[in-house]
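These are the residues of each chain, in order.
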Amino acid sequence: AQVYARLKAPMMTLIAGGVFEQGFICLKHIALLTTRVPDVFAAEYKHFYCKYNEPSCVKLLKLDILTAVATQATVPEIVDEIAEYITEPDANVARAAVAAIGKLGVRVPECGGGVVEQLLKLLEVDIDHVSAEAIIAMKNLLRKFPDRIERF
């Protein structure tokens, strides 16, 4: 775990560098590291928020990282941020954003109520692919936690 912690600062610096390819490769490495030790990058979650001018591949990767590093304390803020991405012109990013909200509910069950509330708000949005993905995300939550239907 110490090795991963020592990698954090250089990786975060390289992401902020101006070269797109370098940042993308570092994000790919961080995505791999978060599958093994998500706690190392948990405090840096705001660095993985998407910027409006980033390519779709970077946004999709950042959504994966955000779902991996989320903790009970950070899920509400991350869900609010990800909910902003549903209006993306790229439908793949919008769908991935809704799916990421659902994954957060599955990954951090204590925050399931807030996640379901957000998914219900997304059902009201007049964008077909967003509504469809919200229904799929709720289906996954109910399948994972069938005993919590009333509590959601």
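Given the structure is predicted, the values throughout are model-derived calculations rather than measurements.

Caption draft 1: Highlighting the side chain of Glu-133. Relative to the helices and strands, Glu-133 resides in helix α7 (residues 128-144). On the basis of relative accessibility, which here comes to 12%, the residue Glu-133 falls in the buried class. Within the local environment of Glu-133, its side chain forms a polar contact with the side chain of Arg-95, the two groups lying 3.1 Å apart. Contact partners of Glu-133, with chain neighbours within four places excluded, come to Arg-95, Val-98 and Ala-99.

Caption draft 2: Quick peek at the environment of Val-125. Topologically, Val-125 is positioned in the loop between α6 (112-123) and α7. When residues no more than four places from it in sequence are discounted, the contact partners of Val-125 are Ile-86 and Ser-131.

Caption draft 3: Main features of a nonpolar patch on the surface. A surface patch of nonpolar side chains, amounting to about 250 Å² of accessible area, comprises Leu-120, Leu-123 and Ile-135. With respect to the helices and strands, Ile-135 occurs in helix α7.

Caption draft 4: Structural detail: the packing of aromatic side chains. Applying the stated criterion to the full structure yields 3 aromatic pairs. Here the aromatic rings of Phe-41 and Phe-48 are separated by 6.4 Å at their centres, their planes lie at 70°, and the arrangement is edge-to-face. Here Phe-41 falls in the buried class, since its relative accessible area comes to 1%. Of the residues examined, Phe-48 reaches a relative accessible area of 0% and is grouped as buried.

Caption draft 5: Representation of the layout of surface pockets within the structure. Approximately 270 Å³ is the volume attributed to the largest pocket. Lining the largest pocket we find 16 residues, and of these Ile-15, Ala-16, Gly-17, Glu-54 and Lys-62 sit closest to its centre. Considering each element in turn, the lining of the largest pocket owes the most residues, 4 residues, to helix α2 (residues 20-36). When its residues are assigned to classes, the lining of the largest pocket shows 9 nonpolar, 4 polar and 3 charged.

Caption draft 6: Summary view of the side chain of Thr-34. Its location among the elements puts Thr-34 in helix α2. Looking at Thr-34, the relative accessible area reads 3%, which means it is buried. Setting aside its immediate chain neighbours within four residues, Thr-34 contacts Phe-41, Ile-65, Ala-68 and Val-69.

Caption draft 7: Spatial organisation of the nonpolar core. Among the nonpolar cores identified, the biggest contains 47 residues, and Phe-48, Ile-82 and Leu-119 are the most heavily contacted of them. At the level of secondary structure, the elements contributing two or more residues to this core comprise α1 (2-16), α2, α3 (56-69), α4 (75-83), α5 (91-107), α6 and α7. Residue contacts for Ile-82: discarding those within four places in its chain leaves Leu-63, Leu-66, Ala-97, Ala-100, Ile-101 and Leu-104.

Caption draft 8: Structural view of the packing of α1 against α2. Close contact between α1 and α2 brings their axes to 9 Å; oriented N to C, the two are set at 150°. Of the possible angle classes, the one that applies to α1 and α2 is roughly antiparallel. Relative to α2, α1 is oriented so that their crossing is left-handed. Two secondary-structure elements touch here, α1 through Tyr-4, Leu-7, Met-11, Met-12, Leu-14 and Ile-15 and α2 through Gln-22, Gly-23, Cys-26, Leu-27, His-29, Ile-30, Leu-33 and Arg-36.

Procedures and definitions
Residues numbered from 1 in each chain as written. Predicted model: local features only at pLDDT ≥ 70, side-chain atom pairs only at ≥ 80, totals over all residues. Heavy atoms only, no water. Helix = DSSP H or I, 4+ residues; strand = E, 2+ residues; numbered from the N terminus. Buried < 20%, exposed > 50% of the residue type's maximum accessible area, 1.4 Å probe, protein only. Polar contact = N/O pair within 3.5 Å; in protein donor to acceptor, adjacent residues only side chain to side chain. Contact = heavy atoms within 4.5 Å. Patch = residues over 30% accessible without salt bridge, like charges linked within 9 Å, V, L, I, M, F, W, Y side chains within 5 Å. Areas by Shrake-Rupley, 256 points an atom, 1.4 Å probe, with all protein chains shown as cover. Salt bridge = Lys/Arg side-chain N within 4 Å of Asp/Glu carboxyl O. Phe/Tyr/Trp six-rings, centres within 6.5 Å; stacked < 30°, edge-to-face > 60°. 1 Å grid on protein atoms, 1.4 Å probe; cavity = no way out; pocket = protein on both sides within 12 Å on 5 of 7 lines; lining within 4 Å. Points joined across faces, edges and corners; volume = space filled by probe spheres on them. Nonpolar A, V, L, I, M, F, W, Y, C, P; charged D, E, K, R; others polar. Core = buried A, V, L, I, M, F, W, Y, C linked by side-chain atoms within 4.5 Å. Axes fitted to C-alpha atoms, helices over the stretch in contact; angles between N-to-C directions. Parallel < 35°, antiparallel > 145°, perpendicular 65-115°, else oblique. Left-handed = near helix turned anticlockwise from the far one by under 90°.

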